[in-house]
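For reference, the chains in residue letters:
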Amino acid sequence: MSNPRELYHIRSVLSMKESDEKAKKINKYINMLVNYPVNLTAYQNQKDAYENLILDSIISIEAEDSFLNSKRIVDMGTGGGIPGLVWAIYFPEKEFYLVDSISKKIQALKIFIKELKLTNVYLFCERAEDFAKTHREYFDFATCKALARSDIALEYLTPLVKVNGFISLFKGPSYFKNEKKYTQNVLKKLNIAEFKEIEYEIGEDKKKRYFILFKKIGTTPQNFPRQVGIPKKFPLGEIK
Ligand SMILES: C[S@@+](CC[C@H](N)C(=O)[O-])C[C@H]1O[C@@H](n2cnc3c(N)ncnc32)[C@H](O)[C@@H]1O
């Protein structure tokens, strides 16, 4: 990565508000992520990784009060730390719980966190369905990127959030054609309401991205999430 240009880019995204320290940590993180011996991301060159992982994580929330006012945040299916680790670098005053079912990914994150000297990140190697048993209604804000179809992801995330908390999904344009119908079919079942759809663009080719937000309006029925594997096998959005 050409450091000065990328550092400038990060600063410009954050309206020149952010310190060099955070930008340097982002650079260090992306280097570790792309060069890690086990494949942690589909983006193998630093420019693509930077646009699709770092910028996408930051542009989505930089002006979003439901996120900015939240203190305890969970990123389910975090993989190599997207978006949770990026957010943890930029928001040291918030707490981030990063969860993934694959232990080699959590091992990599342990190394990254140590190298980056982050003290606001908690790691869990667990399935979403099990994590909900110990962290029910514990979070102000939950997210996931590329974890599962929207109805499945909402079943994983909703139980984790407090009533009046927020749930968010990262999506591309195909969401509206292919997935939104499943979302609509789970709102009532999970006691959530559509809150906001934030449209933004990333990269030189101005790729359209969407940050889809939901508000939890009542307690989640105790039967959700269902047993490990069931949400994916029998998706809630397809049940009449
Ligand atoms: C496609 S990767 C996305 C990783 C990261 N969020 C990103 O955007 O780069 C999906 C991740 O979700 C994890 N995952 C899938 N199902 C899960 C579940 N039920 N509970 C916890 N993690 C899960 C996988 O292990 C994988 O690391």
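What counts and how
Residues numbered from 1 in each chain as written. Predicted model: local features only at pLDDT ≥ 70, side-chain atom pairs only at ≥ 80, totals over all residues. Heavy atoms only, no water. Helix = DSSP H or I, 4+ residues; strand = E, 2+ residues; numbered from the N terminus. Expected span 1.5 Å × (residues − 1). Buried < 20%, exposed > 50% of the residue type's maximum accessible area, 1.4 Å probe, protein only. Polar contact = N/O pair within 3.5 Å; in protein donor to acceptor, adjacent residues only side chain to side chain. 1 Å grid on protein atoms, 1.4 Å probe; cavity = no way out; pocket = protein on both sides within 12 Å on 5 of 7 lines; lining within 4 Å. Points joined across faces, edges and corners; volume = space filled by probe spheres on them. Near = heavy atom within 4 Å. Areas by Shrake-Rupley, 256 points an atom, 1.4 Å probe, with all protein chains shown as cover. Sits in = over half its atoms within 2 Å of the grid points. Nonpolar A, V, L, I, M, F, W, Y, C, P; charged D, E, K, R; others polar. Core = buried A, V, L, I, M, F, W, Y, C linked by side-chain atoms within 4.5 Å. Contact = heavy atoms within 4.5 Å. Pairing = 2+ DSSP bridges. Axes fitted to C-alpha atoms, helices over the stretch in contact; angles between N-to-C directions. Parallel < 35°, antiparallel > 145°, perpendicular 65-115°, else oblique. Left-handed = near helix turned anticlockwise from the far one by under 90°. UniProt positions renumbered as here; feature names shortened; annotations may be inferred.

Novice: Describe helix α3 (residues 46-59), naming the residues involved and giving the relevant values.
Specialist: Taking 1.5 Å per residue as the helical rise, α3 with its 14 residues ought to reach 20 Å, and the 18 Å between its terminal C-alpha atoms agrees with that figure. The element α3 is largely enclosed, with a buried count of 12 among its 14 residues. All of the buried residues in α3 are Q46, A49, Y50, E51, N52, L53, I54, L55, D56, S57, I58 and I59. Two or three places before K47, at the start of α3, stands the capping residue N45, its side-chain oxygen 2.9 Å from that residue's backbone nitrogen.

Novice: Before we move on, could you go through the layout of surface pockets and cite the residues and values that matter?
Specialist: Taken as a whole, the largest pocket holds about 610 Å³ of empty space. Forming the boundary of the largest pocket are 31 residues, of which G77, G79, K145, A146 and L147 lie nearest the centre. Among the secondary structure elements, those contributing two or more residues to the lining of the largest pocket are α3, β2 (95-100), α7 (128-134) and β7 (207-216). Tallying contributions element by element places α3 first for the lining of the largest pocket, with three residues.

Novice: If you had to explain the site of the ligand to someone new, which residues and values would you point to?
Specialist: G77, I82, D100, A128 and K145 are the nearest of the 17 residues found near the ligand. In this structure, G77 approaches the ligand through a main-chain N or O atom, which is 2.9 Å from a nitrogen atom. At 2.9 Å, a backbone N or O of K145 approaches a nitrogen atom of the ligand. A total of 600 Å² of accessible area belongs to the ligand in isolation, and the protein chains cover 79% of it. When atom positions are compared with the pocket grids, the ligand is found to occupy the largest pocket. When the residues that make up the shell around the ligand are grouped by side-chain class, the tally is seven nonpolar, four polar and six charged.

Novice: Break down the nonpolar core for me, with residues and values.
Specialist: Counting residues in each nonpolar core, the largest one holds 44 residues, and the members touching the most others are Y29, L85, W87, F112 and F211. At the level of secondary structure, the elements contributing two or more residues to this core comprise α2 (20-35), α3, α5 (84-90), β2, α6 (103-116), β5 (161-171), β6 (192-202) and β7. The element best represented in this core is α3, accounting for seven residues. The contacts of F211, once residues within four sequence positions are left out, are S60, I61, W87, F141, T143, S168, L169, F170, K196, E197, I198 and Y200.

Novice: Go over the side chain of K145, please, and point to the residues and values.
Specialist: With respect to the helices, strands and loops of the structure, K145 is situated in strand β4 (residues 139-145). Residue K145 is classed as buried on the basis of its relative accessible area, which comes to 16%. A polar atom in the side chain of K145 sits 2.8 Å from the side chain of D56. Once residues lying within four places of it in the same chain are set aside, the contact partners of K145 are N52, L53, D56, G77, I82, P83, F170 and R209.

Novice: Give a description of the pairing of strand β1 (residues 72-76) that names residues and reports values.
Specialist: Of all five residues that make up β1, four are buried, and the element is covered over most of its length. In this structure, β1 lies alongside β4, joined through three bridges in parallel fashion. Opposite I73, over in β4, you have F141 as the bridge partner.

Novice: Tell me about the packing of α2 against α6, residues and numbers included.
Specialist: Where α2 meets α6, the closest approach of the two axes is 10 Å, and the angle between their N-to-C directions is 150°. The angle between α2 and α6 places the two elements in the roughly antiparallel class. Here α2 runs over α6; the crossing is right-handed. Taking contact as the criterion, the partners of K25, K28, Y29, M32 and L33 in α2 are, on α6, F112, E115 and L116. Counted by class, the contact of α2 with α6 contains five nonpolar, no polar and three charged residues.

Novice: Tell me about the UniProt feature "binding site: S-adenosyl-L-methionine" (unreviewed entry) in the protein chain, and name the residues and values.
Specialist: The feature "binding site: S-adenosyl-L-methionine" (unreviewed entry), as annotated in UniProt, sits at G77, A128, E129 and K145 in this numbering. Residues that both appear in the annotated list above and line the largest pocket are G77, A128, E129 and K145. With respect to the helices and strands, the residue G77 is situated in the loop between β1 and α5. Each residue touching G77, except ones within four places of it in the same chain, is listed here: V99, D100, K145 and L147. Examined against the element boundaries, A128 turns out to sit in helix α7. Once you skip the residues sitting within four places of it in the chain, A128 turns out to touch M76 and Y156.

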